[in-house]
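In case you want the letters, here they are:
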Amino acid sequence: MTVTTLDPTTALVVVDLQNGVVGLPTVHPAAEIVARSAELADAFRAKGLPVVLVRVTSGAPGRTEGPARRLPPRADWADLVPELGQKDGDVVVTKHTWGAFHGTDLDLQLRRRGVTQVVVTGIVTTKGVESTARAAHEHGYHVTVVTDAVTDTDGDAHRNSVEKIFPALGETGTTEDVLKLLG
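Note that the structure is a prediction, hence the values are computed from the model and not measured. (Residues numbered from 1 in each chain as written. Predicted model: local features only at pLDDT ≥ 70, side-chain atom pairs only at ≥ 80, totals over all residues. Heavy atoms only, no water.)

(A) Spotlight on the pattern of salt bridges. Overall, the coordinates contain nine salt bridges when judged by the stated rule. Two residues, D148 and R36, come together in a salt bridge whose shortest N-O distance is 3.5 Å. Of this pair, D148 sits in strand β5 (residues 142-151) while R36 sits in helix α2 (residues 30-46); the two residues are 112 residues apart in sequence, bridging distant segments of the chain. Residue R36 is classed as partly exposed on the basis of its relative accessible area, which comes to 25%. Connected via shared salt-bridge partners are E32, R36 and D148. (Salt bridge = Lys/Arg side-chain N within 4 Å of Asp/Glu carboxyl O. Helix = DSSP H or I, 4+ residues; strand = E, 2+ residues; numbered from the N terminus. Buried < 20%, exposed > 50% of the residue type's maximum accessible area, 1.4 Å probe, protein only.)

(B) Quick peek at the side chain of T151. Mapped onto the fold, T151 is located in strand β5. Within polar-contact distance, the side chain of T151 engages the backbone nitrogen of H28 at 2.9 Å. (Polar contact = N/O pair within 3.5 Å; in protein donor to acceptor, adjacent residues only side chain to side chain.)

(C) Layout of unusual backbone geometry. The linkage connecting I123 with the following residue, V124, adopts the cis geometry, with an omega of 15 degrees. Tracing the backbone shows V124 in the loop between β4 (117-123) and α4 (125-138). Residue D16 is not a glycine yet carries a positive backbone phi of 60 degrees. Note on placement: D16 falls in the loop between β1 (10-15) and α1 (19-22).

(D) Representation of α2. Taking 1.5 Å per residue as the helical rise, α2 with its 17 residues ought to reach 24 Å, and the 24 Å between its terminal C-alpha atoms agrees with that figure. Of the residues making up α2, those classed as buried are A30, I33, V34, S37, A38, L40, A41, A43, F44 and R45. Where α2 is buried, its residues contact β1, α1, β2 (51-56), β4, β5 and α6 (175-182). Just past α2, the residue G48 takes up positive phi, approximately 75 degrees. (Expected span 1.5 Å × (residues − 1). Contact = heavy atoms within 4.5 Å.)

(E) Here's a closer look at the sheet that holds β2. Here we have six strands laid out as an open sheet, ordered β3-β2-β1-β4-β5-β6, and parallel in their pairing. Sheet topology places β3 (91-95) and β6 (171-173) at the edges, where each strand pairs with a single neighbour. Across the sheet, the axes of successive neighbouring strands diverge by a mean angle of 25 degrees, strand direction being ignored. Together, β1, β2, β4 and β5 form the strand contacts of α2, whose direction differs from that of β5 by roughly 140 degrees. (Pairing = 2+ DSSP bridges. Axes fitted to C-alpha atoms, helices over the stretch in contact; angles between N-to-C directions.)

(F) Fine view of the packing of α2 against α6. Packing of α2 against α6 brings their axes to within 11 Å, and their N-to-C directions diverge by 5 degrees. Considering the angle they form, α2 stands roughly parallel to α6. Contacts from R36, E39, L40, A43 and F44 of α2 reach α6 at T175, V178, L179 and L182. Its residues assigned to classes, the contact of α2 with α6 comprises six nonpolar, one polar and two charged. (Parallel < 35°, antiparallel > 145°, perpendicular 65-115°, else oblique. Nonpolar A, V, L, I, M, F, W, Y, C, P; charged D, E, K, R; others polar.)

Next comes the structure, spelled out in structure tokens:
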């Protein structure tokens, strides 16, 4: 369903826009995802709404084989990209799994601020973004995913999330749609 409204206390949740992730080969250019997320972050801040910047510092516990478990490969891998313009009032969440809720204080941080809706952007659509959106839905938040501010390393998987999963979790829309609703 196309985004129709934003709750009075909506938070922007930006997933994994960090040095080690934005360098991945993605379906849509990472620079565009970063720019749109930064534009949304500025607009949310201007309205006094929470901005949550999520970063991942390691692979999930459990099985250890495979390249996804060998994180981080460089010292600044988990550093948020400077284009996001991180401010003192932003909430920074460090996660160790795909989703931003499990094993973090994200739910507590949102509830303390009275948040009832989350708008989600980031990279990788089928991992960090989708896991975070699913958990937000399970925690009772209204969920909106900004479809032109997410991307993945796999085009078919990205399309499945955008066309099938996200509409089942809540609403979807473009950066422009969300900015219009912010007024």
